[in-house]
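Residues per chain are reported as follows:
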Amino acid sequence: MKHICVLISVADINAARKFYEDLFGLEVFQDYGKNIAFTCGLALQQDFDWLVNLPKELRI
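For clarity, every value in this text was computed on a predicted model and none was experimentally measured.

Draft legend 1. Region of interest: the pairing of strand β2 (residues 28-31). Of the strand pairs in this sheet, β2 and strand β3 (residues 35-38) are connected by three bridges, and their pairing is antiparallel. Each bridged residue has a counterpart across the sheet, and for Gln-30 the counterpart in β3 is Ala-37. Count of turn residues in the β2/β3 antiparallel hairpin: three residues, of which Gly-33 carries a positive phi of about 90°.

Draft legend 2. Focus on the pattern of salt bridges. Counted by the stated rule, this structure contains four salt bridges. In this structure, Asp-31 and Arg-17 form a salt bridge, with 2.7 Å as the shortest nitrogen-oxygen distance. Remark: Arg-17 occurs in helix α1 (residues 13-24) and Asp-31 occurs in strand β2; sequence separation between them is 14 residues. The class of Asp-31 is partly exposed, set by a relative accessible area of 43%. The class of Arg-17 is partly exposed, set by a relative accessible area of 24%. What you see here is one network of salt bridges that share partners, running through Arg-17, Glu-21 and Asp-31.

The rules behind these values
Here, residues in each chain are numbered from 1, in the same order as that chain's written sequence. Since the coordinates come from a predicted model, pLDDT governs what is reported: local features require at least 70, and pairs of side-chain atoms require 80 or more to be given and counted, while whole-chain, interface and lining totals use all residues. Heavy atoms from the whole structure form the basis of all side-chain values; hydrogens and water molecules are not counted. Paired strands, in this sense, are two strands between which DSSP finds at least two bridges. Where helices and strands are cited, they refer to DSSP runs of H or I of at least four residues and of E of at least two residues respectively, numbered from the N terminus. Here, a salt bridge means any side-chain nitrogen of Lys or Arg that lies within 4 Å of a carboxyl oxygen of Asp or Glu. Working definition: with a 1.4 Å probe on protein chains only, accessible area under 20% of the residue-type maximum means buried, over 50% means exposed, and in between means partly exposed.

Encoded structure:
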């Protein structure tokens, strides 16, 4: 199996989800709380710095 998607790191998963659903009409394919995947291949991840062990000071 090969799965390719674009992942966007977000500070607030709920606000980001609402933005992409309302503005672009995207539909959620999978919702794991802090990670959401849309049917188009876009994924949102909250707390990405923790996931990859990146210090919060280096966040943009």
